[in-house]
Amino acid sequence: MKLVVAVVQDKDSNRLSNALIKTGFRATKLASTGGFLRAGNTTFMIGTEDERVTEVLQVIKANCKIREQVVTPVSPMGGTTDSYIPFPVEVQVGGAAVFVMPVERFEHF
Ligand code: 2BA
């Protein structure tokens, strides 16, 4: 068994939930926050048999879009802000950051 942990954008979360239900995967959704953008995202925990990992990755890929996001970095800590001009930068977010982990044991009571 594997645990697939997928961090996706909030905008894709409902679509992905529906697709997972339709394809027969069980999932738990956690509200999460990106360490870099500090914006909300959604983390899915999906427990599945080894043979279905490729399939679940395809479902995730098909339902999560890559988007551009503009970020204005915060002013430098401790330094002088006199000459600091915040400059918006564009970053590419998603479709999904996915981790596949082995599950030693799964019990469901
Ligand atoms: P955030 O940490 O808010 O990152 C949002 C996007 O900002 C990233 O998109 C990436 O394009 C950019 N980014 C992140 N850290 C950066 C850095 N140090 N320098 C320059 N650009 C940076 P994604 O890579 O698609 O990641 C989307 C979200 O997935 C992340 O939100 C984070 O919540 C999660 N994530 C991605 N990689 C991860 C990892 N290795 N471990 C844990 N969470 C991860």
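What counts and how
- Every chain begins its residue count from 1, and numbering advances along the sequence as written.
- Under the rules for a predicted model, residues below a pLDDT of 70 receive no local features and side-chain atom pairs below 80 are neither given nor counted, while totals for whole chains, interfaces and linings still include all residues.
- Processing note: side-chain calculations cover all non-hydrogen atoms of the structure and skip hydrogens and water entirely.
- Helix and strand definitions follow DSSP, with helices as H or I runs of at least four residues and strands as E runs of at least two, each counted in order from the N terminus.
- Throughout, exposure labels follow a simple rule: accessible area from a 1.4 Å probe, protein chains only, divided by the maximum for the residue type, with under 20% read as buried, over 50% as exposed, and the rest as partly exposed.
- Residue contacts are counted whenever heavy atoms from the two residues lie within 4.5 Å of one another.
- What sets the accessible areas is the Shrake-Rupley method with a 1.4 Å probe; for residues, cover comes only from the shown protein chains.
- Paired strands, as defined in this entry, are two strands with at least two bridges between them according to DSSP.
- The convention used is that axes are lines fitted to C-alpha atoms, helices contributing only their stretch in contact, and that angles between N-to-C directions extend from 0 to 180 degrees.
- A helix is expected to span 1.5 Å for every residue after the first.

Undergrad: Sorry, what's going on with the overall build of the chain here?
TA: A tally of helices and strands in the chain yields two helices and six strands. Put simply, the chain runs from its N terminus to its C terminus through helices and strands in the order β-α-β-β-α-β-β-β. Out of the 109 residues belonging to the chain, those deemed buried represent 28%. For the chain, the proportion of contacts with a sequence separation of at least 24, taken over those separated by at least 6, is 68%. Summing over all exposed atoms, the chain offers an accessible surface of approximately 7800 Å²; the carbon and sulfur share of this is 57%.

Undergrad: Can you walk me through the sheet that holds strand S1 (residues 2–9) in this structure?
TA: Sheet strands pair by backbone hydrogen bonding; their relative direction is either parallel or antiparallel. An order of S2-S3-S1-S6 is seen for the four strands of this open sheet, with the pairing classed as antiparallel. The sheet terminates laterally at strand S2 (26–33) and strand S6 (96–102), the two strands that pair on one side only. Taken pair by pair, the neighbouring strands of this sheet meet at an average axis angle of 20°, ignoring direction. Here S1 pairs with S6 via seven bridges, running antiparallel. From the neighbouring strand, Val5 faces S6, where its bridge partner is Phe99. Each of S1, S2 and strand S3 (40–48) is contacted by helix H1 (residues 10–22), which is oriented at about 20° to S3, the strand it contacts most.

Undergrad: What is the right way to read the pairing of S1 from this model?
TA: Pairing analysis gives eight bridges linking S1 to S3, with the strands arranged antiparallel. Looking at S3, one finds that Val7 is bridged to Thr43.

Undergrad: Just checking my understanding: could you explain H1 for this structure?
TA: Three- or four-residue spacings in an α-helix give side chains the same orientation, since the helix completes a turn every 3.6 residues. The terminal C-alpha atoms of H1 lie 19 Å apart, and with 13 residues this matches the ideal 18 Å at 1.5 Å per residue to within 8%. Asp12, Ser13, Leu16, Ser17, Ala19 and Leu20 are the residues of H1 that are buried. On its buried side, H1 packs onto S1, S2, S3, helix H2 (53–63) and strand S4 (67–71).

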